[in-house]
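Listed here are the chains, written in short residue letters.
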Amino acid sequence: MLYVFCRTVLRLVYRFLFRLEAEGVHHVPASGPVILCSNHLSNFDPPTIGIQLERKIQFMAKKELFDIPLFGRLITALGAFPVKRGGVSKEAIRSSIELLSAGGMMGIFPEGTRHSNGEAAKKGAAMIALRSGAVIIPVYIDGNYKLFRKTVVRYGPPVDLSDIIAEPSTDSLERVTQRIMEHIRALRK
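Because the structure is a prediction, the values reported are computed rather than measured. (Residues numbered from 1 in each chain as written. Predicted model: local features only at pLDDT ≥ 70, side-chain atom pairs only at ≥ 80, totals over all residues. Heavy atoms only, no water.)

Visitor: Honestly, the side chain of S96 in this entry has me stumped. Any pointers?
Guide: Summarising the element assignment, S96 is placed in helix α4 (residues 90–101). Given a relative accessible area of 0%, S96 falls into the buried group. There is a polar contact of 2.8 Å between the side chain of S96 and the backbone oxygen of A92. Ignoring any residue separated from it by four or fewer positions in sequence, one finds S96 in contact with M60, F81, M106 and I128. (Helix = DSSP H or I, 4+ residues; strand = E, 2+ residues; numbered from the N terminus. Buried < 20%, exposed > 50% of the residue type's maximum accessible area, 1.4 Å probe, protein only. Polar contact = N/O pair within 3.5 Å; in protein donor to acceptor, adjacent residues only side chain to side chain. Contact = heavy atoms within 4.5 Å.)

Visitor: I would appreciate a short explanation of helix α1 (residues 2–17) in the present structure.
Guide: Along an α-helix, residues three or four apart share an orientation, since each turn contains 3.6 residues. Compared with the 22 Å implied by 1.5 Å per residue over 16 residues, the 22 Å span of α1 between its first and last C-alpha is a close match. Considered for burial, the residues of α1 that qualify are Y3, C6, R7 and Y14. Taken around the axis of α1, the buried residues stretch over an arc of 100°, which confines them to a single face. In this structure, α1 carries F5, L12 and F16 as exposed residues pointing more than 90 degrees from its buried face. Buried-residue contacts for α1 involve α2 (45–50). (Expected span 1.5 Å × (residues − 1). Arc of directions from axis to C-beta.)

Visitor: What's the story with the nonpolar core in this structure? I'm lost.
Guide: If you look at the biggest cluster of nonpolar residues, it comprises 27 residues, and the most contacted ones within it are I35, C37, M60, M106, I108 and I128. Of all the secondary structure elements, the ones that give two or more residues to this core are β2 (34–38), β4 (81–83), α4, β5 (105–108), α5 (124–132), β6 (135–142) and α7 (172–186). Among the elements that line this core, the one with the most residues is α5, at five residues. Residues within four places of I108 in sequence aside, it is in contact with I35, L36, C37, S38, F59, M60, A125 and I128. Core analysis: the second largest hydrophobic core is formed by 20 residues, V28, I49, I57 and M105 among them. (Core = buried A, V, L, I, M, F, W, Y, C linked by side-chain atoms within 4.5 Å.)

Visitor: Could you clarify how one ought to interpret unusual backbone geometry in this entry?
Guide: A negative phi holds for most residues other than glycine; trans holds for most peptide bonds. Phi is positive for Y145, which is not a glycine, with a value near 60°. In this structure, Y145 sits in the loop between β6 and β7 (152–155). If you check the backbone angles, F148 has positive phi at about 65° while not being a glycine. Structurally, F148 is set in the loop between β6 and β7.

Structure, rendered in structure tokens:
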């Protein structure tokens, strides 16, 4: 209930303040495990990606955000779960696999940080995707959240990993990561 309320309010706010538009929403499956992989520009990105969809989307968020008294409670209630930065967070990976195994949808920023040039993507999204069998949907946020200027969120078709899955190798995680980033960049106009 809280999620639906917040999504409805933020849809109105983002549409008014950032003239937010969505393209390719039909690419996002209506059910089953899905990972939305997006570029990362701003702290506004998680709502930008999630409010355009009817399904609930859950995000990993840096552990420090959960220590902020009211904000930590709010993001927990909205489905966020903590990830330790600077290393492998086994608990965050376990939470992701459980969420996806239950048919949920999660969002992740493969670059791991805002304002990255896209060259330093981390392999976490690839690892979670391969372990869970989830559909990967690339997402690109185009705009800079300037007031009353248009921001567009584009959802692309699922990333095809069948060739990598059919012939796994020691560099499979690297290949999946590269393919995800290529699909995200391909949505840039």
